[in-house]
Amino acid sequence: LFVQAAEGSSYGIVPYVDPPNTGSISGIVGAGGNTGAVGFGMGFRQLDYKEAFLIMGFSILGSSLLSVFINIKGYSALFWGEDQVVSKETGTLAVPEQNEEDAADVNA
C-alpha cells in the first residue's frame, strides 16, 4: 500500500512541476526510480535480507508520509488549502500566468 502511495505521489506531481517541460521532468522522475532500484539491489547484496527489507520498507514508509507535505502553488495540498487558479471558460484548473512584476524580477 505504501509503495503505491509513494509512486502515486511521485508521478502525480510531474505535470505541475514545470508544465512546458513535462517530458523532461518525467524522465528525471523515472531515472530516480532506476537509481532506487540500483541502491536497493546493492543493499540486498551487502546486507542480510531482513535488514535490506527493513531499510527498504522504512524508506518507502518515510517517503509516503513526507508526501503529505507536498504543496504546489495554486493548488490545494492534501489536507489544507484551496485551489486558486480556475479557468472561467472550462471551470477547471488552469496553468497560472506569470504577472509582469514576477517577470521583471526573473529577468533582472
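Further up the page is the structure itself.
Q: I tried to follow the overall build of the protein on my own but got confused; where do I start?
A: What the protein contains, in helices and strands, is 5 helices and 0 strands. Within the protein, the proportion of its 108 residues that are buried is 13%. Across the protein, every contact between residues at least 6 apart in sequence was considered, and the portion connecting residues at least 24 apart equals 25%.

Q: Looking at this model, I keep getting lost on the packing of aromatic side chains. Mind explaining?
A: Ring pairs (aromatic) are described by centroid distance and by the angle formed between their planes. In this structure the tally under the stated criterion is 2 aromatic pairs. Taking the centre distance of 5.8 Å and the plane angle of 50° together, the rings of Phe44 and Tyr49 count as tilted. Phe44 sits in the partly exposed class, given a relative accessible area of 22%. Taking 4.9 Å as the distance between ring centres and 75° as the angle between the ring planes, the aromatic pair formed by Phe44 and Phe53 counts as edge-to-face.

Q: Looking at this model, I keep getting lost on a nonpolar patch on the surface. Mind explaining?
A: A cluster of nonpolar residues, Leu66, Phe69, Leu78, Phe79 and Trp80, forms a patch on the protein surface that exposes about 630 Å² of accessible area. In this structure, Leu66 sits in helix α4 (residues 49-66). On the basis of relative accessible area, Leu66 is assigned to the exposed category, the value being 57%.

Q: So what exactly am I meant to see when it comes to α4 here?
A: Residues spaced three or four apart along an α-helix point in a common direction, a consequence of the helix completing one turn every 3.6 residues. Spanning 18 residues, α4 covers 26 Å between terminal C-alpha atoms, matching the ideal 26 Å at 1.5 Å per step. Listed as buried for α4 are Ala52, Met56 and Ser64. Seen end-on, α4 carries its buried residues on one side only, within an arc spanning 95°. Seen from the buried face of α4, the exposed residues on the opposite side, beyond 90 degrees, are Lys50, Phe58 and Leu66.

Q: Would you take a moment to explain the environment of Tyr11 for this structure?
A: Along the chain, Tyr11 falls in helix α1 (residues 2-12). Classification of Tyr11 by relative accessible area gives partly exposed; the value is 47%. Sequence spacing of Tyr11 and Gly30 is 19 residues, and the spatial spacing of their C-alpha atoms is 8.6 Å. Those residues within four positions of Tyr11 in sequence are excluded, and the remaining contacts are Val29 and Gly30.

Q: When you look at the packing of helix α3 (residues 22-46) against α4 in this model, what are you seeing that I'm missing?
A: The angle between the axes and the distance between the axes are what describe a pair of packed helices. Relative to each other, α3 and α4 sit at 155°, their axes nearing to 7 Å. As summarised for this structure, α3 and α4 are arranged roughly antiparallel, according to the angle between their axes. Both α3 and α4 take part in a crossing whose hand is right-handed. Counted together, Phe40, Gly43 and Phe44 of α3 and Tyr49, Ala52, Phe53, Met56 and Ser59 of α4 form the full contact between these two elements. Broken down by class, the residue content of the contact of α3 with α4 amounts to 6 nonpolar, 2 polar and no charged.

Here is what the cut-offs are and how they apply
Residues numbered from 1 in each chain as written. Predicted model: local features only at pLDDT ≥ 70, side-chain atom pairs only at ≥ 80, totals over all residues. Heavy atoms only, no water. Helix = DSSP H or I, 4+ residues; strand = E, 2+ residues; numbered from the N terminus. Buried < 20%, exposed > 50% of the residue type's maximum accessible area, 1.4 Å probe, protein only. Contact = heavy atoms within 4.5 Å. Phe/Tyr/Trp six-rings, centres within 6.5 Å; stacked < 30°, edge-to-face > 60°. Patch = residues over 30% accessible without salt bridge, like charges linked within 9 Å, V, L, I, M, F, W, Y side chains within 5 Å. Areas by Shrake-Rupley, 256 points an atom, 1.4 Å probe, with all protein chains shown as cover. Salt bridge = Lys/Arg side-chain N within 4 Å of Asp/Glu carboxyl O. Expected span 1.5 Å × (residues − 1). Arc of directions from axis to C-beta. Axes fitted to C-alpha atoms, helices over the stretch in contact; angles between N-to-C directions. Parallel < 35°, antiparallel > 145°, perpendicular 65-115°, else oblique. Left-handed = near helix turned anticlockwise from the far one by under 90°. Nonpolar A, V, L, I, M, F, W, Y, C, P; charged D, E, K, R; others polar.

In short, geometric facts, not functional conclusions.
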